[in-house]
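Descriptive structure summary
Here's the letter readout for the chains.
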Amino acid sequence: SIIMEKPPPRQQWSSLLHNEHGHSDGKDLASTVSRAHERISTKTSDPQAADFDEAKLLFAQGIACARSGDLETGAVQISSAYLLDGRSIKFLAKMAHDIGASEKNYILDGKLLTDMLENESPTSFSCTILHILLASFLGSTPGHGQELIAVAMVRIDQLVTCIQKNQEIEDPSKHILGGCLTRKALLYQKSSLQMALGDFKNAMRSLTNALKIDEFYTQARESRACIWGSRNLRSDKTVHAEWKRVINENHVDNRGNEVAYAFLVLTTLSDSSLGTVGDARAWYDKMVAAIVRKDEIYGKRRQDELPSAVLSAQSKLNEYHGDLNIWDSIAGIERITVCEKTRQACLKCGATETVEGKRLNQCAQCKAVNYCGRECQVADWKEHKKLCKILKKGNDEQKKNDVSKVTSPR
């Protein structure tokens with residue numbers, strides 16, 4: 001059975017960590033430390049800003065506990081921070097030798113994460129969340145990234161099933177992982193991993209299932225609307241209506257409003273029944289205001305980090321107003337996405353094709369990982385064997401369910 005961990009009730013935490021993922025240079029770390037005591041929630045009444053502050057301190061407390069030897073408490077606090085706001089996590093796969101002791105208190109590195117995973121009970125809640133965190137940061141790594149995502153998705157399914165059978169787990173008053181452990185949050189995380197694999201169909205299904213649990217889970221609605229609009233999977237009218245609902249549900253300072261307004265520009269210009277060019281220009285002006293406001297709250301961003309939706313909105317509207325230039329108002333913008341498809345590669349050596357230049361060979365048992373040849377597959381079997389059995393069992397159960405659905409009387 002899964003262990004129910006109970007950290008202290010959530011509080012209003014002070015902020016500690018600047019949000020940037022991946023590798024960092026000295027300037028990044030200096031920025032992180034310089035913003036250690038900044039409270040975003042003092043600049044806005046947006047509840048997400050308060051959550052961001054809270055998540056940053058939870059993360060910092062978790063790092064401090066883990067580095068002092070209390071790996072179990074550290075795992076619980078870091079997992080809670082990740083569920084509350086994943087942008088609070090500062091992760092480096094490998095800590096550089098020249099990083100000072102003070103900077104290490106703001107960073108989760110691969111070694112510390114591995115230590116926590118090895119210390120945790122495999123059936124604990126925080127162990128599952130740490131696996132999701134690991135997959136989200138390293139899922140695009142050639143070879144082993146595929147396996148990390150596969151493990152995380154298996155664990156998400158197991159935990160969602162557990163909560164369905166025992167729904168008091170997601171009761172906020174139980175304070176399990178700070179009250180942040182819910183089925184809708186897990187399904188949202190699963191959708192991100194599915195998008196990382198390029199599986200947008202199942203990502204939409206996960207997001208829709210999250211919205212069935214809570215129709216006002218706007219985070220999931222935004223993500224689904226992004227898929228609909230960017231991949232032309234729904235009509236302009238449907239996408240337009242969805243983004244208008246997002247705007248209505250969001251706080252005026254929500255950091256996602258800029259993209260919502262960008263899609264409203266695009267859909268209005270694509271379907272004349274949704275408004276005039278003047279209406280599109282009005283949405284555009286609101287988009288610029290949202291970007292500027294986000295910079296005021298969360299800090300100035302670089303010009304080369306503009307969201308693709310914003311760029312598309314400017315380009316499309318420039319067909320009617322050639323003098324538009326949002327650079328006059330915006331220094332830059334940050335946009336984190338998880339839509340980069342993971343490259344298929346040999347799980348052992350990272351090769352992207354066989355020696356003969358052909359497609360990689362799929363593991364015949366689990367059908368989830370690839371190898372460039374028998375030599376790599378045999379060499380990796382000791383490491384892959386345990387996961388292979390888990391994945392194969394899941395595949396077999398899915399096949400049985402599919403067959404029962406087809407053969408059962410209607």
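Values in this document were obtained by computation on a predicted structure and should not be read as measured data. (Residues numbered from 1 in each chain as written. Predicted model: local features only at pLDDT ≥ 70, side-chain atom pairs only at ≥ 80, totals over all residues. Heavy atoms only, no water.)

Let us now look at the pattern of salt bridges. As enumerated under the stated definition, the model contains 16 salt bridges in all. Between E258 and K294 there is a salt bridge, with its nearest N and O atoms 2.8 Å apart. In this pair, E258 is assigned in helix α12 (residues 257–270) and K294 in helix α13 (residues 277–298), connecting sequence segments 36 residues apart. The pair E258 / K294 is uniform in exposure class, with both members buried. The network of salt bridges with shared partners includes E215, R245 and E249. (Salt bridge = Lys/Arg side-chain N within 4 Å of Asp/Glu carboxyl O. Helix = DSSP H or I, 4+ residues; strand = E, 2+ residues; numbered from the N terminus. Buried < 20%, exposed > 50% of the residue type's maximum accessible area, 1.4 Å probe, protein only.)

It is worth spelling out unusual backbone geometry at this point. Phi is positive for H175, which is not a glycine, with a value near 60 degrees. On the secondary structure map, H175 appears in the loop between α7 (144–165) and α8 (183–196). With a relative accessible area of 25%, H175 lands in the partly exposed category. For L177, which is not a glycine, the phi torsion comes out positive at approximately 50 degrees. Along the chain, L177 turns up in the loop between α7 and α8. Look at L177 and you get buried, because its relative accessible area is 0%.

Further remarks concern the packing of aromatic side chains. Following the criterion strictly, the structure yields five aromatic pairs and no others. An angle of 20 degrees between the planes, with centres 5.0 Å apart, marks the rings of F91 and F137 as stacked. Taken together, the residues span a long stretch of sequence, with F91 in strand β1 (residues 91–92) and F137 in helix α6 (residues 125–138) at a distance of 46 residues. Taking the relative accessible area as the measure of exposure, F137 reaches 18% and is therefore buried. Its end group placed over the ring of F52, R255 keeps NZ or CZ at 5.3 Å from the ring centre. The ring centre of Y298 lies 3.9 Å from the NZ or CZ of R255, which sits over that ring. (Phe/Tyr/Trp six-rings, centres within 6.5 Å; stacked < 30°, edge-to-face > 60°. Lys NZ or Arg CZ within 6 Å of the ring centre and 35° of its normal.)

The end-to-end C-alpha separation of helix α10 (residues 218–230) is 18 Å, in line with the 18 Å expected for 13 residues at 1.5 Å each. With eleven of its 13 residues buried, α10 lies for the most part within the structure. Among the residues of α10, those classed as buried are T218, A220, R221, E222, S223, R224, A225, C226, I227, W228 and G229. The inward-facing, buried residues of α10 contact α8, α9 (200–213), α11 (236–249) and α12. Looking at the residues trailing α10, positive phi occurs at N232, about 55 degrees. (Expected span 1.5 Å × (residues − 1). Contact = heavy atoms within 4.5 Å.)

It is worth spelling out the confidence of the model for the chain at this point. Detail in the predicted coordinates should be disregarded across regions flagged by low pLDDT. Mean pLDDT for the chain: 80, with 80% of residues reaching 70 or above. Mean pLDDT across the secondary structure elements of the chain bottoms out at helix α1 (residues 26–34), with 48, and peaks at α11, with 97. Across residues 1–27 the pLDDT falls below 50, and counting only partners more than four positions away or on other chains, this stretch makes 98 contacts in the model. Here residues 327–343 is modelled with pLDDT under 50, and outside its nearest four sequence neighbours on either side it reaches 57 contacts, counting other chains as well. (pLDDT = per-residue confidence, 0-100.)

One finds I78, I89, L108, L113, M116, L181 and L186 to be the most contacted residues of the largest nonpolar core, which totals 45 residues. Only α2 (47–67), α3 (71–84), α5 (110–119), α6, α7 and α8 provide two or more residues apiece to this core. Among the elements that take part in this core, α6 stands out by supplying nine residues, more than any other. If near-sequence neighbours (up to four positions away) are discounted, M116 is found in contact with A66, L71, G74, A75, I78, L108 and L130. In terms of nonpolar packing, the next biggest core, distinct from the first, is built from 41 residues, A203, M204, Y217 and V265 among them. (Core = buried A, V, L, I, M, F, W, Y, C linked by side-chain atoms within 4.5 Å.)

Turning to the environment of A309, a few remarks are in order. Relative to the assigned elements, A309 resides in helix α14 (residues 308–318). We classify A309 as buried; its relative accessible area is 9%. Spatially, the C-alpha atom of A309 lies 9.0 Å from that of E258, the residues being 51 residues apart in sequence. Residues in contact with A309, not counting those within four places in the same chain, are V259, A262, F263 and L266.

Time to look at the environment of A364. Tracing the backbone through its elements, the reader meets A364 in the loop between β3 (361–362) and β4 (370–371). A relative accessible area of 57% means that A364 is categorised as exposed. As for A364 and K392, which are separated by 28 residues in sequence, their C-alpha atoms are 9.4 Å apart.

Looking now at the side chain of D380. Looking at where D380 falls in the secondary structure, it is placed in helix α15 (residues 374–407). The buried charged residue D380 lacks any salt bridge, with K348 as its nearest oppositely charged partner at 4.6 Å. What D380 contacts, discounting residues up to four positions off in sequence, is L347, K348 and Y371. (Lys, Arg positive; Asp, Glu negative; His and termini not counted.)

The interhelical angle for the contact between α6 and α7, taken along N-to-C directions, is 145 degrees, at an axis separation of 8 Å. Between α6 and α7 lies a crossing whose hand is left-handed. Mapping the contact onto sequence places F125, C127, T128, H131, I132, L134, A135 and L138 in α6 and G145, L148, I149, V151, A152, R155, I156 and L159 in α7. Across the contact of α6 with α7, the residue classes tally to twelve nonpolar, three polar and one charged. (Axes fitted to C-alpha atoms, helices over the stretch in contact; angles between N-to-C directions. Left-handed = near helix turned anticlockwise from the far one by under 90°. Nonpolar A, V, L, I, M, F, W, Y, C, P; charged D, E, K, R; others polar.)

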